[in-house]
Amino acid sequence: MEGIEPQAGILRLGHRPKRDKRITTHTALVARAFGASYYFLSEVCDMSVMDNVLSVEKRWGRGFKLVSCGLSYKDYISIWRNYMKGVIVHLTMYGLELEREIDGIKKAGKPVLIIIGSEKVPGEIYKIADFNISVGNQPHSEVAALAIFLDRLYNGQELYYKFEDAKVQIEPSASGKKVISIGGNKDEKEKYNDA
Ligand SMILES: C[S@@+](CC[C@H](N)C(=O)[O-])C[C@H]1O[C@@H](n2cnc3c(N)ncnc32)[C@H](O)[C@@H]1O
């Protein structure tokens, strides 16, 4: 996303197409809404997840520079290190406290690849990562961990980012739903304004 620094990418590990469609989709939507520019789904290409993400991008505007699936996590990590010259952060409840580490991650001034798991993360990820970071030391969810990490990385400046090429945009309202259509047709506008 333009103007949101450092650039961030998400690497989602261990997606199980039968069980994880919804939660993996949510990790991508959170990544997009909270300022990340890249989203990688390793090992598998689940087209229903990809289609969902791309249809949100089409309607609500361009957040991602690149969405990719199907390469091994090693490939994505090596692309990040070699082409983006970035650092690798692994979110895990066993890691060091976010509050203590976040300034060091920001000071590195490099693009940040954020690894999130599903069930069990391969042991070597803990060694590959430059930072193993916990968002509290209790087990919870990759969606929550990712949202909080990105928000701390960007200090909230990502929340009201104006997405380029959006067809619809929300007009904040104290009551009800107001959605304006940008260059869209009347039907679309009415559909979105249904309470
Ligand atoms: C269902 S959890 C798996 C928990 C697992 N026992 C572990 O190794 O963290 C799926 C993912 O959520 C993220 N996660 C869960 N709790 C977290 C926490 N407290 N801090 C950071 N990340 C967390 C991690 O990325 C983890 O791989």
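Residues numbered from 1 in each chain as written. Predicted model: local features only at pLDDT ≥ 70, side-chain atom pairs only at ≥ 80, totals over all residues.

Enquirer: Looking at this model, I keep getting lost on the overall build of the protein. Mind explaining?
Expert: Across its full length, the protein holds seven helices and eight strands. Relative to the compact-globule value of 16 Å for 195 residues, the protein shows a C-alpha radius of gyration of 17 Å, a close match. Dimensions of the protein along its principal axes, counting C-alpha atoms only, are 55 × 35 × 35 Å. Counting every position in the protein, which comprises 195 residues, the buried fraction comes to 30%. Here the contacts in the protein between residues at least 6 apart in sequence split such that 77% fall between residues at least 24 apart. (Helix = DSSP H or I, 4+ residues; strand = E, 2+ residues; numbered from the N terminus. Rg over C-alpha atoms; globule rule 2.2 N^0.38 Å. Buried ≥ 20, exposed ≤ 12 C-beta atoms within 10 Å, placed from the backbone. Contact = placed C-beta atoms within 7 Å.)

Enquirer: Sorry if this is basic, but what is going on with the domain arrangement of the protein here?
Expert: For an interface, size is often stated in terms of accessible area lost upon the parts coming together. For the protein, the assigned domains read domain 1 (8-164) and domain 2 (165-195). One C-alpha centre belongs to domain 1, the other to domain 2; they are set 29 Å apart. Domain 1 puts six residues into the contact, and the matching count from domain 2 is four residues. Residues that form the side of domain 1 that touches domain 2 fall into these classes: two nonpolar, one polar and three charged. (Domains from an automatic or database assignment. Nonpolar A, V, L, I, M, F, W, Y, C, P; charged D, E, K, R; others polar.)

Enquirer: Explain the site of the ligand to me, please; I cannot follow it from the model alone.
Expert: For the ligand, the set of nearby residues contains 16 residues, the closest of which are L91, M93, G117, E142 and A145. Contributing elements (two or more residues each) for the shell around the ligand: β4 (87-97) and α6 (142-154). Ranked by residue count, the leading element in the shell around the ligand is β4, at three residues. Of the residues contributing to the shell around the ligand, the split by class is seven nonpolar, eight polar and one charged. (Near = placed C-beta within 6 Å.)

Enquirer: Looking at this model, I keep getting lost on the packing of helix α1 (residues 21-33) against helix α2 (residues 47-60). Mind explaining?
Expert: How two helices sit against one another is set out by the angle between their axes and by the gap between those axes. Where α1 meets α2, the closest approach of the two axes is 9 Å, and the angle between their N-to-C directions is 35 degrees. Between α1 and α2 lies a crossing whose hand is right-handed. On α2, the residues touching K21, T24, T25, A28 and L29 of α1 are S48, V49, N52, V53 and V56. By residue class, the composition of the contact of α1 with α2 is five nonpolar, four polar and one charged. (Axes fitted to C-alpha atoms, helices over the stretch in contact; angles between N-to-C directions. Left-handed = near helix turned anticlockwise from the far one by under 90°.)

Enquirer: Please clarify how the pairing of strand β3 (residues 66-69) should be interpreted in this entry.
Expert: On a regular strand, each side chain points to the face opposite its neighbour's, so the side chains alternate between the two faces of the sheet. Bridge count between strand β2 (residues 38-41) and β3: four bridges; the pairing is parallel. Within β3, the residue paired with L41 across the bridge is C69. What joins β2 to β3 is α2, and the crossover it makes is right-handed. (Pairing = 2+ DSSP bridges. Right-handed = clockwise from strand over helix to strand, strands pointing away.)

Enquirer: Before we go on, may I ask you to explain the sheet that holds strand β1 (residues 8-12) in this structure?
Expert: Consider a sheet: its strands pair through backbone hydrogen bonds, and that pairing is either parallel or antiparallel. One open sheet accounts for six strands, arranged β3-β2-β1-β5-β4-β6; its pairing is parallel. Edge positions in the open sheet fall to β3 and β6 (131-134), since each of these has one partner strand only. Going from strand to strand, the sheet's axes swing by 25 degrees on average, the running direction of each strand aside. Sheet topology places β4 next to strand β5 (residues 112-116); four bridges connect them, and they run parallel. Across the sheet, the residue bridging to V87 is V112, located in β5. In the packing of α1 onto the sheet, the strands contacted are β1, β2 and β5, and the crossing angle to β1 comes to about 175 degrees. Together, β4, β5 and β6 form the strand contacts of helix α4 (residues 98-107), whose direction differs from that of β4 by roughly 165 degrees.

Enquirer: When you look at the nonpolar core in this model, what are you seeing that I'm missing?
Expert: One recurring pattern in soluble globular proteins is that nonpolar side chains are buried together. I10, V89, L91, I114, I115, L146 and F149 are the most contacted members of the largest nonpolar core, which totals 41 residues. Top element by residues in this core is α6. It accounts for six residues. What F149 contacts, discounting residues up to four positions off in sequence, is L91, L98, I114, I133 and V135. (Core = buried A, V, L, I, M, F, W, Y, C linked by C-beta atoms within 7 Å.)

Enquirer: Mind showing me how you'd approach helix α3 (residues 73-82) here?
Expert: Along an α-helix, a turn takes 3.6 residues, which lines up residues three or four apart on a common side. Restricting attention to buried positions, one finds in α3 the residues Y73, Y76, I77 and W80. Burial along α3 is one-sided: seen end-on, the buried residues are contained in an arc of 100 degrees. Within α3, the exposed residues directed more than 90 degrees away from the buried face are K74 and N82. The inward-facing, buried residues of α3 abut β1, β2, β4, β5 and α5 (124-128). (Arc of directions from axis to C-beta.)

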